[in-house]
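Chain by chain, the residues run as shown.
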Amino acid sequence: MSTTDTGGRADTGSGTDTGGGADAGAAREAAASLGRLRSLARAELTLLVRNRTAMFTALLMPLAMVLFMRSTVEQAPLEGTGLSVTDLVMTSGIPMVLILVVYLNLIPAYVSRREELVLKRLRTGELRDWEILAGAALPVVAVALAQCAVLVAAGAALLEMTPPDRPDLLVLGVLLGVVLMVLTAAATAVITRTTESAQITALPLLMVSLAGSGMFVPLEAMPDRAADVLRLLPMSPVVDLVRYGWLGGGEPGEVLRALGTAVAWALVSVFAVRRWFRWEPRH
Amino acid sequence: MNTGEQVIEVSGLRRRYGPAKGDGGFEAVRGISFSVARGELFALLGTNGAGKTSTVELLEGMAEPSGGRVRVLGHDPYRERARVRPRIGVMLQEGGFPSDLTVAETARMWAGCTSGARRTSEALEAVGLAPRADVRVKQLSGGERRRLDLAMALLGRPEVLFLDEPTTGLDAEGRRETWRLVRELRKGGTTVVLTTHYLEEAEELADRLAIMRAGRIVVSGTPAEVTASRPSRIRFTLPEGVPAARLPLSLRAAEHGRRVEIRTGRLQESLTELLLWARREEVALAGLDARSASLEEAFLEIAHGGGPEAAEDEDTARAAKAGAR
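Bear in mind that the values here come from a model prediction, so they are computed numbers and not experimental data.

### A look at the overall build of chain B
Each helix and strand counted, chain B has 11 helices and 13 strands in total. By principal-axis analysis of the C-alpha atoms, chain B measures approximately 75 × 50 × 40 Å. The burial tally for chain B puts 52% of its 325 residues in the buried class. Here the analysis covers contacts within chain B between residues at least 6 apart in sequence; of these, 70% occur between residues at least 24 apart. Accessible area of chain B: about 14100 Å², with a carbon and sulfur share of 47%. In chain B, the 48 positive side-chain charges and the 47 negative ones have mean positions that sit 3 Å from each other.

### So, the interface of chain B and chain A
Chain B puts 52 residues into the contact, and the matching count from chain A is 38 residues. A combined buried area of about 4100 Å² lies between chain B and chain A, and 51% of that area is made up of carbon and sulfur atoms. Summed over the shared surface of chain B and chain A, the result is four salt bridges. The shortest N-O distance in the salt bridge between Lys 120 of chain A and Glu 57 of chain B comes to 2.7 Å.

### Remarks on the pattern of salt bridges
Considering all chains together, one arrives at 39 salt bridges over all chains under this definition. Notably, a salt bridge pairs Arg 36 of chain A with Glu 131 of chain A, separated by 2.8 Å at the nearest N-O pair. Of the two residues, Arg 36 of chain A is situated in helix 1 (residues 22-50) and Glu 131 of chain A in helix 5 (residues 129-158); the sequence distance between them amounts to 95 residues. Taking the relative accessible area as the measure of exposure, Glu 131 of chain A reaches 1% and is therefore buried. Of the charged contacts, one joins Lys 138 of chain B and Asp 100 of chain B as a salt bridge, the two residues approaching to 2.7 Å between their closest N and O atoms. Taken as a pair, Lys 138 of chain B in the loop between helix 4 (120-126) and helix 5 (142-154) and Asp 100 of chain B in the loop between strand 5 (88-91) and helix 3 (103-112) lie far apart in primary sequence, 38 residues in all.

### Let's talk about unusual backbone geometry
For Leu 117 of chain A, which is not glycine, the phi dihedral falls at a positive 65 degrees. By relative accessible area, Leu 117 of chain A is classed as buried at 13%. In this structure, Ala 214 of chain B takes a positive phi of about 50 degrees despite not being glycine. With respect to the secondary-structure elements, Ala 214 of chain B resides in the loop between strand 8 (208-213) and strand 9 (216-221).

### A look at the sheet that holds strand 12 (residues 259-264) of chain B
All names here are of chain B. Here four strands make up an open sheet; going across it, the order is 11-12-10-13 and the pairing antiparallel. The open sheet has two edge strands with one neighbour each: strand 11 (253-256) and strand 13 (286-291). For this sheet, the mean angle separating the axes of adjacent strands, direction not counted, is 15 degrees. With six bridges joining them, strand 10 (residues 232-237) and strand 12 adopt antiparallel strand pairing. The residue bridging Phe 236 from the neighbouring strand is Val 260, located in strand 12. Lying on the sheet, helix 9 (residues 267-281) is in contact with strand 10, strand 12 and strand 13; it crosses strand 10 at an angle near 20 degrees.

### Let's talk about helix 6 (residues 172-187) of chain B
Residues and elements named next belong to chain B. Over its 16 residues, helix 6 runs 23 Å from end to end, which matches the ideal 22 Å to within 8%, given 1.5 Å per residue. Within the span of helix 6, buried status applies to Gly 174, Arg 175, Thr 178, Trp 179, Leu 181, Val 182 and Leu 185. Down the axis of helix 6, the smallest arc covering the buried residues is 165 degrees, so these residues share one side. For helix 6, exposure combined with an orientation more than 90 degrees from the buried face picks out Ala 172, Glu 173 and Lys 187. Just beyond helix 6, the residue with positive phi is Gly 189, at close to 105 degrees.

### A closer look at the sheet that holds strand 7 (residues 191-196) of chain B
Residue and element names in this part refer to chain B. In spatial order, the strands read 5-6-7-3-8-9; together these six strands make up an open sheet with mixed pairing. What marks the edges here is a single partner per strand, and that holds for strand 5 and strand 9. For this sheet the average axis-to-axis angle between neighbouring strands, irrespective of direction, equals 15 degrees. Of the strand pairs in this sheet, strand 6 (residues 160-164) and strand 7 are connected by five bridges, and their pairing is parallel. Across the sheet, residue Leu 163 finds its bridge partner in strand 7, namely Leu 194. Across the sheet, helix 5 touches strand 5 and strand 6, and the angle it forms with strand 5 is around 165 degrees.

### Some thoughts on the UniProt feature "domain: ABC transmembrane type-2" (unreviewed entry) in chain A
Per the UniProt annotation, the sites labelled "domain: ABC transmembrane type-2" (unreviewed entry) are residues 53-276 of chain A. Between the end C-alpha atoms of residues 53-276 of chain A the distance is 28 Å, and the span holds 75% helix and 0% strand.

### What to know about the UniProt feature "transmembrane region" (unreviewed entry) in chain A
All names here are of chain A. The sites that carry the UniProt feature "transmembrane region" (unreviewed entry) are, in the present numbering, residues 54-73, 93-111, 132-157, 169-191, 203-222 and 255-273. The straight-line gap between the two end C-alpha atoms of residues 132-157 is 38 Å; of that span, 100% is helix and 0% is strand. With 50% helix and 0% strand, residues 203-222 has end C-alpha atoms that lie 24 Å from one another.

### Some remarks on a nonpolar patch on the surface
Residues and elements named next belong to chain A. A grouping of Phe 56, Leu 59, Leu 60, Leu 63 and Leu 67 is seen on the molecular surface, where their side chains present a nonpolar patch of about 500 Å² in accessible area. Counting through the fold element by element, Leu 63 comes out in helix 2 (residues 52-72). Under the relative-accessibility criterion, Leu 63 is labelled exposed at 52%.

### So, the packing of helix 1 of chain A against helix 3 of chain B
Between helix 1 of chain A and helix 3 of chain B, whose axes approach to 7 Å, the crossing angle comes to 155 degrees. Taken together, the axes of helix 1 of chain A and helix 3 of chain B lie roughly antiparallel to each other. Of the residues in helix 3 of chain B, those in contact with Gly 35, Arg 36, Ser 39, Leu 40, Arg 42, Ala 43, Thr 46 and Arg 50 of chain A of helix 1 of chain A are Glu 105, Arg 108, Met 109 and Gly 112 of chain B. In the contact of helix 1 of chain A with helix 3 of chain B, the residues fall into three nonpolar, four polar and five charged.

### Overview of the domain arrangement of chain B
Per the domain assignment, the segments making up chain B are domain 1 (6-227) and domain 2 (231-292). For domain 1 of chain B and domain 2 of chain B, the distance between their C-alpha centres works out to 44 Å.

### Examining the packing of aromatic side chains
For any pair of aromatic rings, the description consists of the separation of the ring centres together with the inter-plane angle of the planes. Evaluation of the coordinates by the stated rule reveals five aromatic pairs over all chains. Plain terms: the ring middles of Phe 277 of chain A and Trp 279 of chain A are 4.8 Å apart, the flat faces sit at 75 degrees to each other, and that makes the pair edge-to-face. One exposure class covers both Phe 277 of chain A and Trp 279 of chain A, and it is buried. On the basis of an interplanar angle of 10 degrees and a centroid distance of 4.8 Å, the ring pair of Phe 34 of chain B and Phe 42 of chain B is categorised as stacked. Comparing Phe 34 of chain B with Phe 42 of chain B shows no difference in burial state: the two are buried. Chaining the aromatic ring pairs together yields one cluster made of Tyr 110, Phe 277 and Trp 279 of chain A. Its guanidinium or amino end placed over the ring of Tyr 198 of chain B, Arg 175 of chain B lies 4.0 Å from that ring's centre, counting from NZ or CZ.

Each value, and the rule that gives it
- Residues numbered from 1 in each chain as written.
- Chains lettered and ligands numbered in written order.
- Predicted model: local features only at pLDDT ≥ 70, side-chain atom pairs only at ≥ 80, totals over all residues.
- Heavy atoms only, no water.
- Helix = DSSP H or I, 4+ residues; strand = E, 2+ residues; numbered from the N terminus.
- Buried < 20%, exposed > 50% of the residue type's maximum accessible area, 1.4 Å probe, protein only.
- Contact = heavy atoms within 4.5 Å.
- Areas by Shrake-Rupley, 256 points an atom, 1.4 Å probe, with all protein chains shown as cover.
- Lys, Arg positive; Asp, Glu negative; His and termini not counted.
- Charge placed at Lys NZ, Arg CZ, Asp CG, Glu CD.
- Buried area = accessible area lost by both parts, 1.4 Å probe.
- Salt bridge = Lys/Arg side-chain N within 4 Å of Asp/Glu carboxyl O.
- Pairing = 2+ DSSP bridges.
- Axes fitted to C-alpha atoms, helices over the stretch in contact; angles between N-to-C directions.
- Expected span 1.5 Å × (residues − 1).
- Arc of directions from axis to C-beta.
- UniProt positions renumbered as here; feature names shortened; annotations may be inferred.
- Patch = residues over 30% accessible without salt bridge, like charges linked within 9 Å, V, L, I, M, F, W, Y side chains within 5 Å.
- Parallel < 35°, antiparallel > 145°, perpendicular 65-115°, else oblique.
- Nonpolar A, V, L, I, M, F, W, Y, C, P; charged D, E, K, R; others polar.
- Domains from an automatic or database assignment.
- Phe/Tyr/Trp six-rings, centres within 6.5 Å; stacked < 30°, edge-to-face > 60°.
- Lys NZ or Arg CZ within 6 Å of the ring centre and 35° of its normal.

This is the structure in structure tokens:
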């Protein structure tokens, strides 16, 4: 062992953002924040690559599910909805990817970091709470976004689908979906004690979304009153926004309702995470 | 080293787990006050459950106090986290680093999250982990993990370093190496707050220390002051037929069978009196033993010896803490 200079830095760090330097201070802080996110995301990516189960869930599950879906929705009641089987499968594929890749992978990731006391250790440093959650999410979010891009490209190139009608709505839907999945994964981690039990605690949102958010059976094919209720589910606005964005056809009122529902769920999740998220194991 | 500037100021500090009112909660820190000057090494001693870690976490800004005030480098460590964190280093009681990352990857991650970080190789070198850079954290020994944790705490060249039981799990050699490192840091001007239950460690390193019991500071001062405040002890065995009642009244003697123990604040005087008495009375004092209080004795007496009321207090406290978390 050898020790090197560790002199104090009494003059740095204090009284930085005085006077006209506020903008520069904010810029510096933003740059520092990005640097911290990048470091954390890089470490998480390394961990993802080293975890076979997580890699399988992230890379193969979505493909398997889309293929499975293709074979089951042949009998879906599509008359009067204006959707073809391809339309349904491909547009449902995007929220499916978000759930399988982001939600299902992040719950065990947050749980194991918490149980290994990694979250607590990270919180002793300069990282902000949101940076810790976001940094851990970045690698799987990147994988999910890449898969969404592949779906859109494959739709146009191989399946004779039109390019997205309103790319802005499509992107907005995907981004809202990402935010929702990250936050609900953090919220689900609260009630998950081990990485194994994540397979169970993830089921409610997974099932409800697959069955009720119009992914297998479009909500347009349901009785109006039932559809109105189901549109309140967390993933329903994401499915709607993706369809409006890719296939077109969303009335301004419908688009607004979807945006409002998605934002409301995001706010609820932010509240839940801030209120209940645990950064260390229960004793 | 001591420039008189108070780097840490704590007054009336309290920390409560569980509900704020009623019996459901538990108060782990019950109104403590102390300060630490720049460049000083301050040790918090206490048995498990005395409130050391709960206190240190408040200083680190990990939790908000339920009462009282704490300032680190002039700021509230919880509310002004962004101002304080870049200037402090923290080593938790149990390190938390992902088990599937290597030592070097862990250091790189932590360096990227630390402003003004030194080179990671330099930090690993300092704790002797450089040869283990490519080993996964899960394959490290307990002692190596503690050293990795210490290296990460040092990465930002902190002005104030918090070490929560830094040598627990280390072998004798590792402990000495860590002590050497801490002493060098202190020489370089770093202020250190250390918790430990090794008395030797506090005696070896601390400029000042405080002994906690059941959430309160029972005694504090330099190691010499703390031991000086405790009575010295004289012990011997009286021969058959000589009752302790014959001893001079000025010696406050306690009998355990024929074994006698005298506690005194003035060892030399009491001992002289005892020996003169023994010569006069022609009494042989078998197994005569006279000693000043050591830090260890002071600690054991303070930490455990507070009478049945305090011990009970501590037990219920621990149980409540386990339930409330």
